[in-house]
Structures are given as structure tokens and as C-alpha cells.
Amino acid sequence: MFNEQNPELASKLAHLLADTVTAKFILHGYHWNVLGPDFGEFHEFFNMLYEDVDGSIDDLAENILKVGFPAPYLLSDYCELSCIKEDRLDGSSTQFLLQSAKRVNDTMLHCLFETFAEAEKCNEQGLMDFLATRIDQHKKWNWQIKAFLGVR
């Protein structure tokens, strides 16, 4: 039987939306503040990251609406709901920014997997497809960040 209202799924999606908005602002800040001899390469890399994350925000909000709940939109909501811990810049070294970006991305992946599991319980096939695509993209970012850090 079709049940349009899934409060647990809406809650997971709201947390994911908050993490996504937070990640977007952090990664955008890294794009602005990166320094060093590889500035151009990392300026562009962080641009790709934040634009990708930013591009998923509207779809996330719409998915919350599709399960029958209002999407959070206030900055205070995002601050309250987000699991991402911010790292204050310590000189803008690429190593620091990459390590912080990895922590942000790891948090995003964790939240994506939790939300996917809840979507699966609710048999939300379209949402599962969207989340699977986001998981795959964040796994790609994880691989690339780790490659820049010189780890597997």
C-alpha cells in the first residue's frame, strides 16, 4: 500500500539537506581561500566539488516535499540539523583543506547511506535511484581527495 507520509524518511532527508547545504558552503569557502603553488588546480577542484553538491540541494528539498513534509530552509535549521563539523582555516594549506574536505565528504557518505536505507524500507524507488547516484558521486570525490592526499 502506498503511504505518502514517511516521517522518519523526511527526517533523514532533512538531515541530509542540512549536511549538503553545510558542505556546499564549506567547500565554496575552500575554493575561495586555497593558497599555494597548486592554487589553480585546487581552486578548480574545490569549484567542482561545491558546484556538484550545490546542484543536488533542490532535488533533496523536492524529495522531502514528495514524502509529504515541508523542507527546511532557514539557516538556523541547517545549523541545528547538520552533522558536519566545521574546521576553521589554519593558513589555507591544500593538505588541511583536503583533509577537512575528506571529513566533510565522509559525513555526507554516512548520511547518504543512512537515508538510502530508510528509503529502501519505505520502498521509495525513485528516491533510492537519486540517492544511489549521489552516493556514487561522493565515492568518486572520496577517491579523488584521497589521491590528492597520497593515500588509498
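Quick summary incoming for the structure in this document.

### Topic: the packing of aromatic side chains
Then, number 1: By the definition in use, this model includes 5 aromatic pairs.
Then, number 2: Measuring from centroid to centroid gives 5.8 Å for Tyr30 and Phe46, while their planes differ by 75°, and the two rings are edge-to-face. Residue Tyr30 is found in helix α1 (residues 7-33), and its partner Phe46 is found in helix α2 (residues 39-55); the two are separated by 16 residues along the sequence.
Then, number 3: Here Phe45 and Phe148 contribute two aromatic rings whose centre-to-centre distance is 4.9 Å and whose plane-to-plane angle is 70°, an arrangement assigned as edge-to-face. Note that Phe45 is positioned in helix α2 and Phe148 in helix α6 (residues 125-149), a separation of 103 residues in sequence.
Then, number 4: Since its relative accessible area comes to 29%, Phe148 is described here as partly exposed.

### Concerning empty space enclosed by the protein
Here the idea is plain: a probe the size of a water molecule rolls over the atoms and shows the empty space left.
Then, number 1: What the rule picks out here adds up to 2 cavities of 30 Å³ or more.
Then, number 2: Forming the walls of the largest cavity are Leu27, Leu49, Val53, Ala101, Val104, Asn105, Met108, His138, Trp141 and Ile145.
Then, number 3: Every element with two or more residues in the lining of the largest cavity is listed here: α2, α5 (94-121) and α6.
Then, number 4: A total of 4 residues in the lining of the largest cavity trace back to one element, the largest contributor, which is α5.

What counts and what doesn't
- Residues numbered from 1 in each chain as written.
- Predicted model: local features only at pLDDT ≥ 70, side-chain atom pairs only at ≥ 80, totals over all residues.
- Heavy atoms only, no water.
- Phe/Tyr/Trp six-rings, centres within 6.5 Å; stacked < 30°, edge-to-face > 60°.
- Helix = DSSP H or I, 4+ residues; strand = E, 2+ residues; numbered from the N terminus.
- Buried < 20%, exposed > 50% of the residue type's maximum accessible area, 1.4 Å probe, protein only.
- 1 Å grid on protein atoms, 1.4 Å probe; cavity = no way out; pocket = protein on both sides within 12 Å on 5 of 7 lines; lining within 4 Å.
- Points joined across faces, edges and corners; volume = space filled by probe spheres on them.

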